[in-house]
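Structural overview for review
If you want the building blocks of each chain, they are given just below.
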Number of protein chains: 2
Amino acid sequence: MAIVKYNYLNAAKFLKALSHPTRLMIVNELASGKKCVNDIKELVQANQPNISQHLSLLKLSGIVDSRQNGKMKCYFLKDEPMMRELFNNLKKNKLI
Amino acid sequence: MAIVKYNYLNAAKFLKALSHPTRLMIVNELASGKKCVNDIKELVQANQPNISQHLSLLKLSGIVDSRQNGKMKCYFLKDEPMMRELFNNLKKNKLI
DNA sequence: TAAAGATATTCGAATATGATTATATGATAA
DNA sequence: TTATCATATAATCATATTCGAATATCTTTA
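Here goes a summary of the coordinates provided. (Residues numbered from 1 in each chain as written. Chains lettered and ligands numbered in written order. Predicted model: local features only at pLDDT ≥ 70, side-chain atom pairs only at ≥ 80, totals over all residues. Heavy atoms only, no water.)

Some remarks on the interface of chain B and chain A
- Facing 36 residues of chain B, the contacting portion of chain A comprises 37 residues.
- Counting the surface lost from both chain B and chain A, the interface buries some 3,400 Å², and carbon and sulfur atoms represent 68% of this.
- On the surface where chain B and chain A come into contact, there are two salt bridges.
- Linking Glu85 of chain A and Lys92 of chain B is a salt bridge whose minimum nitrogen-to-oxygen distance equals 3.0 Å.
- Residue assignment for the side of chain B that touches chain A shows that the elements contributing at least two residues are helix H1 (6-18), helix H2 (21-30), helix H3 (37-43) and helix H5 (80-92) of chain B.
- Here the side of chain B that touches chain A takes 10 residues from H1 of chain B, the largest share from any one element. (Contact = heavy atoms within 4.5 Å. Buried area = accessible area lost by both parts, 1.4 Å probe. Salt bridge = Lys/Arg side-chain N within 4 Å of Asp/Glu carboxyl O. Helix = DSSP H or I, 4+ residues; strand = E, 2+ residues; numbered from the N terminus.)

As for the state of the cysteines
Residues and elements named next belong to chain B.
- Under the counting rule described, the total for this entry stands at two disulfides over all chains.
- Between the sulfur of Cys36 and that of Cys74 lies a disulfide, 2.1 Å long from S to S. In this pair, Cys36 sits in strand S1 (residues 35-36) while Cys74 sits in strand S3 (residues 72-77), placing the two residues 38 residues apart along the sequence.
- The class of Cys74 is buried, set by a relative accessible area of 3%. (Disulfide = S-S within 2.5 Å. Buried < 20%, exposed > 50% of the residue type's maximum accessible area, 1.4 Å probe, protein only.)

Description of helix H4 (residues 48-60) of chain A
Residue and element names in this part refer to chain A.
- Over its 13 residues, H4 runs 18 Å from end to end, which matches the ideal 18 Å to within 8%, given 1.5 Å per residue.
- Regarding H4, the residues found buried are Ile51, His54, Leu55 and Leu58. Viewed along the axis of H4, the buried residues span an arc of 100°, placing them on a single side of the element. Pointing more than 90 degrees away from the buried face of H4 are the exposed residues Gln53 and Leu60.
- Following H4 by one or two positions, Gly62 adopts a phi angle in the positive range, close to 80°. (Expected span 1.5 Å × (residues − 1). Arc of directions from axis to C-beta.)

As for the environment of Asn10 of chain B
Residue and element names in this part refer to chain B.
- By the element assignment, Asn10 lies in helix H1.
- Judged by relative accessible area, Asn10 falls into the partly exposed class, the value being 46%.
- Linking Asn10 and Leu43, residues 33 residues apart in sequence, is a C-alpha distance of 29 Å.

Following this line, the structure appears as structure tokens:
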């Protein structure tokens, strides 16, 4: 009897993690390289705790990782080529 | 001052519409061609109203469209090549 | 037109998400 | 060690999602 829904859980979680304007924006910024929270704050219109929450969700979803850099914390994509491909796809289809 | 979040709204909505296991499954099935609700019901483990709700959301999001076919209603992807590409991407990256 | 089959809509309960505010933590420099 | 800068967490509230049950709406055929 057919395919099990289980197979789609991971992909659904992945897409869900990306399905927020702020998070999409963050990921798109990170697609061009590692950035610290402060940089991100300048690019994204949201306050600090909100950005931090979104970053934490992205990290939990396995999309980004982070490294302490002196006083600052920098975030980067765990799979940059993959994300680039996804964003190119979205752009090609006029979704961004 | 940076890029506006507005630009990401459409893409976020699109991804959100896809970010549910049942809907992903439905869309993946439709990627190989038009299917009637009954066919979909056989493939997806969910009851009829639930499937109908998900289909309606997909339609509102502009991802699918439908055509009455006698007593039945058939759903199809509005942009099949695009979805195929997206799913190939997900498969390539072991997300499905 | 009535019955039956196929699909859609509505509603309520449970749960999840997102924003804001306040507070806490960690790292460095003085 | 204290002060300060940078970031994270917690608590709260408002809103959104999801599902199941009940019911409604087509569409066709008898």
